[in-house]
Amino acid sequence: MAVRGLILSVRLHPQKFSDLEEKICTPDQLRPKPDNSALVFGKYFTDHMLEVSWDSKRGWAKPVISPMHNLQLHPGAKVLHYAIELFEGMKAYRGEDGCLRLFRPDRNMARMLSTAKRSSLPTFDAEEMIKCIKRLIQIDKEWVPYSSTSSLYIRPTFIATDPSLGVASPNEALLYVLLCPVGPYFTSGFKPISLMADPQYVRSWPGGCGAMKMGANYAPTIYIQKQSELLGHQQVLWLYGADHQLTEVGTMNIFLFMLNKNGERELVTPPLDGLILPGVTRLSLLELARDWKEFRVVERTITMAEVIQAHEEKRLLEIFGAGTACVVCPVSSISYQGREYNIPRSEPSLSQRFLKTMSDIHYGRVQHPWAVDI
């Protein structure tokens, strides 16, 4: 009994990088690498993937890096029926000095753990997972684009796999990581986008999961996104409540740069009140702006009435979205209740300044603690 108890306790221990098993591709398994000019978001995958399985009796298995392959799932797997699933989005960059870097991976892992808790999935050791992801990137390092406009997108994913119908906490799960070389998220590059703002569509609500990065938050938005495209817009501006509060733009956090009623320059973004995703890029832009100490930085509720008033009074300087995929994306117009509001851009543009500052960190032009060597 003592031996069996010891084995159980070891198996329940969180996964360790030191236990990592590597199964490297043979030459005939290696995939052709696309040209940087052909890169589109999420289409190409690297040669290897990382997997760590879990079950409620044995705990975490050892991490395994192996050639990219299809998953085998029972048709009754909980992920397929109850959407017990989550994911993260992060990037690795090849610096102009040749070094490979991650951007604030600890923040992505913290958010992933928060979503896992809300999804009734098990927790894991964030530092050990980062080590495993680093090793995966080292193995597939030639897939990191040699370009200062492209990067390697990292998609950690966590799914419930036990073959059991019934709405209940899973007894089996799989955490895996995919890598994708990507170019700019928007094929148009750093160009302003137009938004459809229709209050009849709601992305999230108080007490819900709007602050979690789970697939169930994204599927219901696709149809609305298509409706906006049919009307000639690129993205949806998600509103909430009777007062039409701004929450997110597409899959990005939203920022307004404006003059307040006292004539002070102010950067405003919605608060982390459970309606919006706590974006890593959002956090980084707020911290940069507060370090600059050049204008007020405020996290508060913003309504369309306030946006329209600021627009009419010529106090609205700029609106932009921010997220891992695109980094920063300016807004050109908002269609709302039958009217089109053209959004100005301040000169010099704050969104361009943010993009350059973030890019300098990503590609190693400046040394910064947010950039983590691989």
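Residues numbered from 1 in each chain as written. Predicted model: local features only at pLDDT ≥ 70, side-chain atom pairs only at ≥ 80, totals over all residues. Heavy atoms only, no water.

- In the annotation of an unreviewed UniProt entry, the protein chain is listed under the name Branched-chain-amino-acid aminotransferase and assigned to Daphnia carinata.
- Here is the UniProt Cofactor (unreviewed entry) comment for the protein chain, exactly as written: "pyridoxal 5'-phosphate".
- Per UniProt, the protein chain has the following entry under Sequence similarities (unreviewed entry): "Belongs to the class-IV pyridoxal-phosphate-dependent aminotransferase family." (UniProt positions renumbered as here; feature names shortened; annotations may be inferred.)

### Topic: the nonpolar core
Link 1 in the chain: One finds Leu50, Ile137, Ile154 and Phe158 to be the most contacted residues of the largest nonpolar core, which totals 35 residues.
Link 2 in the chain: Of all the secondary structure elements, the ones that give two or more residues to this core are strand S2 (48-55), strand S6 (90-94), strand S7 (100-103), helix H3 (105-118), helix H4 (126-139), strand S8 (151-160) and strand S9 (172-182).
Link 3 in the chain: A total of six residues in this core trace back to one element, the largest contributor, which is H4.
Link 4 in the chain: In this structure, Ile193, Val307, Cys326 and Ile343 belong to the second largest nonpolar core, which totals 26 residues. (Core = buried A, V, L, I, M, F, W, Y, C linked by side-chain atoms within 4.5 Å. Buried < 20%, exposed > 50% of the residue type's maximum accessible area, 1.4 Å probe, protein only. Helix = DSSP H or I, 4+ residues; strand = E, 2+ residues; numbered from the N terminus.)

### Notes on the side chain of Ser349
Link 1 in the chain: For Ser349, the location among the structural elements is in the loop between strand S18 (339-342) and helix H8 (350-362).
Link 2 in the chain: Reaching out from Ser349, the side chain makes a polar contact with the side chain of Glu318 at a distance of 2.8 Å. (Polar contact = N/O pair within 3.5 Å; in protein donor to acceptor, adjacent residues only side chain to side chain.)

### Re a nonpolar patch on the surface
Link 1 in the chain: Side chains of Leu71, Leu73 and Leu80 sit close together on the surface and give an oily, nonpolar patch of about 240 Å² of accessible area.
Link 2 in the chain: As for its position among the elements, Leu73 is in the loop between strand S4 (64-67) and helix H2 (78-82). (Patch = residues over 30% accessible without salt bridge, like charges linked within 9 Å, V, L, I, M, F, W, Y side chains within 5 Å. Areas by Shrake-Rupley, 256 points an atom, 1.4 Å probe, with all protein chains shown as cover. Salt bridge = Lys/Arg side-chain N within 4 Å of Asp/Glu carboxyl O.)

### A word on the UniProt feature "modified residue: N6-(pyridoxal phosphate)lysine" (unreviewed entry) in the protein chain
Link 1 in the chain: Mapped onto the present numbering, the UniProt feature "modified residue: N6-(pyridoxal phosphate)lysine" (unreviewed entry) falls on Lys213.
Link 2 in the chain: Among the residues examined, Lys213 registers a relative accessible area of 10% and is labelled buried.
Link 3 in the chain: Contact partners of Lys213, with chain neighbours within four places excluded, come to Leu86, Phe87, Glu88, Gly89, Arg111, Thr115, Tyr218 and Leu277. (Contact = heavy atoms within 4.5 Å.)

### Considering H8
Link 1 in the chain: Compared with an ideal rise of 1.5 Å per residue, which puts 13 residues at 18 Å, H8 spans 18 Å between its outermost C-alpha atoms and is within 8% of the ideal.
Link 2 in the chain: When H8 is considered as a whole, its buried residues turn out to be Leu350, Ser351, Phe354, Met358, Ser359, Asp360, Ile361 and His362.
Link 3 in the chain: Looking one or two places after H8, you find Gly364, whose phi comes out positive at around 75 degrees. (Expected span 1.5 Å × (residues − 1).)

### Points about the packing of aromatic side chains
Link 1 in the chain: Scanning the model with the defined rule gives 10 aromatic pairs in all.
Link 2 in the chain: Judged by centre distance (4.8 Å) and plane angle (65 degrees), the ring pair of Phe41 and Tyr153 falls under edge-to-face. One end of the pair, Phe41, is in the loop between strand S1 (21-22) and S2; the other, Tyr153, is in strand S8, with 112 residues separating them in the sequence.
Link 3 in the chain: A relative accessible area of 30% places Phe41 in the partly exposed class.
Link 4 in the chain: Residue Tyr153 is classed as buried on the basis of its relative accessible area, which comes to 6%.
Link 5 in the chain: With a centroid separation of 6.3 Å and 75 degrees between ring planes, the pair formed by Phe124 and Phe158 is classed as edge-to-face. Taken together, the positions of Phe124 in the loop between H3 and H4 and Phe158 in strand S8 put the pair 34 residues apart, joining distant regions of the chain. (Phe/Tyr/Trp six-rings, centres within 6.5 Å; stacked < 30°, edge-to-face > 60°.)

### Some points on the domain arrangement of the protein chain
How big an interface is tends to be expressed through the accessible area that disappears when the partners come together.
Link 1 in the chain: For the protein chain, the assigned domains read domain 1 (17-182) and domain 2 (193-364).
Link 2 in the chain: For domain 1 versus domain 2, the separation of C-alpha centres amounts to 28 Å.
Link 3 in the chain: Carbon and sulfur atoms make up 61% of the area that domain 1 and domain 2 hide from each other, which totals about 2,100 Å².
Link 4 in the chain: Contact with domain 2 buries surface across domain 1, with Phe103, Arg111 and Arg118 losing the most and accounting together for 29% of the total.
Link 5 in the chain: The tally of links from domain 1 across to domain 2 stands at one salt bridge.
Link 6 in the chain: As a salt-bridge pair, Arg104 and Glu287 come within 3.2 Å of each other at their nearest N and O atoms. (Domains from an automatic or database assignment. Buried area = accessible area lost by both parts, 1.4 Å probe.)

### What to know about the side chain of Arg282
Link 1 in the chain: Tracing the backbone through its elements, the reader meets Arg282 in helix H6 (residues 280-292).
Link 2 in the chain: You can call Arg282 buried: its relative accessible area is 3%.
Link 3 in the chain: Here the side chain of Arg282 touches Glu299 through a polar contact of 2.7 Å, side chain to side chain.
Link 4 in the chain: With residues near it in sequence (within four places) discarded, Arg282 still touches Asn253, Phe255, Thr269, Pro270, Pro271, Leu272, Ile276, Leu277 and Glu299.

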